[in-house]
Amino acid sequence: MAQLTQLTDSYQRKMDYLRISVTDRCNFRCQYCMPEDIKFQDKSRILTLEEMLTFAEACLQLGVTKVRVTGGEPLVRKGVVKFVGWLKDLGFEDVTMTTNGYLLEEHLDGLVEAGLDRINISLDTLQPEKFAFITRRDHFGKVWSAVMAALETPLSPVKINAVAMRGVNDDEIADMAKLTMRYPMHVRFIELMPLNGDTDGSRFRKLFISGKEILERVQRELGDLEPVEKEDPAAPADEFRFEGAPGTFGIITPVSEPFCARCSRLRLTADGKIHPCLLTDLDVPVKEAIRSPDPIPAIHEVLWKTARVKPPAGLTLPEEARNRTMSQIGG
Ligand code: SAM
Ligand code: SF4
């Protein structure tokens, strides 16, 4: 395939990582992500998987090498396993998925066969009752079973993402970290971002706990952790290992130490908008280009326009006035 000039933004950041939100729908209602009574978009507004693939192909030609399939919950979208195979067949080096795990176990073999390179499973607690409180769904058992099953596949080691919340799951930070001593798991605590429609910011301020504090608490309770060198310098997680442990423990600090200076990300929303930055509401519509008679050059034009407007590093996430949910943006 023809490789054109590498997509690079106005601040010389290479844009080589695409996150595709294949649906805004979800079978959970995590409190930090969406309100219980969320209204999903009408299905007629959502791109087909073929249209998403055309967009991905245009990105690949501009030097995007990594793609993450996300949502909403990606596994509720019919045909998503096949979609992973299409992305691999196109030639992406790294195709990964972020899932809440509820539908994962039944799709594991298909995902492995399709060529998925890695999986991130979101799991904020090891306590079933708390799981039901956070996700508003009583499905801990099914998710845990999927995590254990994934460890038996070529997708192991598995990444576990936990959103840290003071007074909710901060008492489990050490228990979650201990999983890395037993299993080949990369457990990462993510700082809570004020993106759930919590527009006055008060809930966010009450729940927020910094990555630095998380790390200090783990070290206080479990002893020293050795830093793990990053394979990919653009990776947002700072990772550590207990001596001899099969897994690693990490923190992701989008609020206290935003990684904007090395941000290489582009996000495609399910309804056909490019979202170049999590910290702003900026969107660049691309549906029309995807549906045009000669879509690839039309998408390239939109991608370069997006690169020009991608905001610089140094912005901070406003605590107020954010009505977006993470499920709409694609995590
Ligand atoms: N449904 C899938 C899942 O939960 O893994 C994929 C989409 S979800 C929006 C992607 C990631 O965003 C999850 O790991 C979730 O924990 C994280 N997330 C959602 N809302 C967040 C928030 N307010 N702050 C930090 N992370 C958040
Ligand atoms: Fe659904 Fe994932 Fe959002 Fe939870 S974090 S509500 S599982 S999209």
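Residues numbered from 1 in each chain as written. Chains lettered and ligands numbered in written order. Predicted model: local features only at pLDDT ≥ 70, side-chain atom pairs only at ≥ 80, totals over all residues. Heavy atoms only, no water.

Q: Help me out: how do you make sense of the overall build of the chain in this one?
A: What the chain contains, in helices and strands, is 11 helices and 12 strands. Over its C-alpha atoms the chain spans a radius of gyration of 19 Å, differing by no more than 12% from the 20 Å that the globule rule assigns to 331 residues. Here the C-alpha coordinates of the chain stretch approximately 60 × 45 × 40 Å along the principal axes. Looking at the chain as a whole, 57% of its 331 residues qualify as buried. Taken as two groups, the 43 positive and 49 negative side-chain charges of the chain have centres that lie 4 Å from each other. (Helix = DSSP H or I, 4+ residues; strand = E, 2+ residues; numbered from the N terminus. Rg over C-alpha atoms; globule rule 2.2 N^0.38 Å. Buried < 20%, exposed > 50% of the residue type's maximum accessible area, 1.4 Å probe, protein only. Lys, Arg positive; Asp, Glu negative; His and termini not counted. Charge placed at Lys NZ, Arg CZ, Asp CG, Glu CD.)

Q: Is there a simple way to explain the site of ligand 2 in this structure?
A: Close contacts around ligand 2 come from 9 residues, with Cys-26, Cys-30, Cys-33, Met-34 and Asn-100 the closest. For the shell around ligand 2, the per-class residue count stands at 6 nonpolar, 3 polar and no charged. (Near = heavy atom within 4 Å. Nonpolar A, V, L, I, M, F, W, Y, C, P; charged D, E, K, R; others polar.)

Q: How should the nonpolar core be read in this particular structure?
A: Looking at soluble globular proteins, one finds that nonpolar side chains tend to be buried together. One finds Leu-18, Phe-55 and Phe-249 to be the most contacted residues of the largest nonpolar core, which totals 97 residues. It is helix 1 (residues 49-61) that contributes the most residues to this core, 8 residues altogether. Apart from residues no more than four positions distant in its own chain, Phe-55 is found in contact with Leu-18, Leu-268, Ile-274, Val-286, Ile-290, Ile-299 and Leu-303. (Core = buried A, V, L, I, M, F, W, Y, C linked by side-chain atoms within 4.5 Å. Contact = heavy atoms within 4.5 Å.)

Q: I tried to follow the site of ligand 1 on my own but got confused; where do I start?
A: As a structural note, the neighbourhood of ligand 1 is formed by 17 residues, with Tyr-32, Gly-72, Thr-98, Ser-122 and Met-193 the closest of them. Within the backbone of Thr-99, an N or O atom sits 3.2 Å from an oxygen atom of ligand 1. Considered on its own, ligand 1 offers 540 Å² of accessible surface; in the complex 96% of this is hidden by protein. At the level of elements, strand 3 (94-99) and strand 5 (158-164) are the ones that each hand at least two residues to the shell around ligand 1. Across the shell around ligand 1, the residue classes tally to 6 nonpolar, 9 polar and 2 charged. (Polar contact = N/O pair within 3.5 Å; in protein donor to acceptor, adjacent residues only side chain to side chain. Areas by Shrake-Rupley, 256 points an atom, 1.4 Å probe, with all protein chains shown as cover.)

Q: Even after reading the chapter, I still don't get the packing of aromatic side chains, so can you show me in this structure?
A: Think of a pair of aromatic rings as described by two things: how far the centres are apart, and how the planes are tilted against each other in angle. What the rule picks out here adds up to 8 aromatic pairs. With a centroid separation of 6.2 Å and 10° between ring planes, the pair formed by Phe-140 and Trp-144 is classed as stacked. Of the two residues, Phe-140 and Trp-144 both sit in helix 5 (residues 140-151), 4 residues apart, roughly one turn of that helix. Sitting above the plane of the Tyr-17 ring, Lys-66 keeps its charged end 5.7 Å from the centroid. Positioned above the aromatic ring of Tyr-102 is the side chain of Lys-142, whose terminal nitrogen or guanidinium carbon lies 4.5 Å from the ring centre. (Phe/Tyr/Trp six-rings, centres within 6.5 Å; stacked < 30°, edge-to-face > 60°. Lys NZ or Arg CZ within 6 Å of the ring centre and 35° of its normal.)

Q: Help me understand the sheet that holds strand 11 (residues 273-275) in this model?
A: Where strands meet in a sheet, backbone hydrogen bonds hold them as pairs that are either parallel or antiparallel. Pairing is mixed in the open sheet, where 12 strands are placed in the order 7-8-9-6-5-4-3-2-1-10-11-12. What marks the edges here is a single partner per strand, and that holds for strand 7 (226-227) and strand 12 (284-285). Taken together, the 2 bridges between strand 11 and strand 12 define a ladder with antiparallel strand orientation. Paired with Ile-274 across the strands is Val-284, a residue of strand 12. Together, strand 1 (17-21), strand 2 (66-70) and strand 3 form the strand contacts of helix 2 (residues 80-90), whose direction differs from that of strand 3 by roughly 155°. (Pairing = 2+ DSSP bridges. Axes fitted to C-alpha atoms, helices over the stretch in contact; angles between N-to-C directions.)

Q: What is the right way to read the pattern of salt bridges from this model?
A: Side chains that differ in sign of charge can pair as their charged atoms come close. For the structure on display, the rule yields 17 salt bridges. Glu-106 is the partner of Lys-142 in a salt bridge, and the nearest nitrogen-oxygen pair spans 3.6 Å. Of the two residues, Lys-142 sits in helix 5 while Glu-106 sits in helix 3 (residues 104-114), which places them 36 residues apart along the sequence. Linking Asp-271 and Lys-273 is a salt bridge whose minimum nitrogen-to-oxygen distance equals 3.1 Å. (Salt bridge = Lys/Arg side-chain N within 4 Å of Asp/Glu carboxyl O.)

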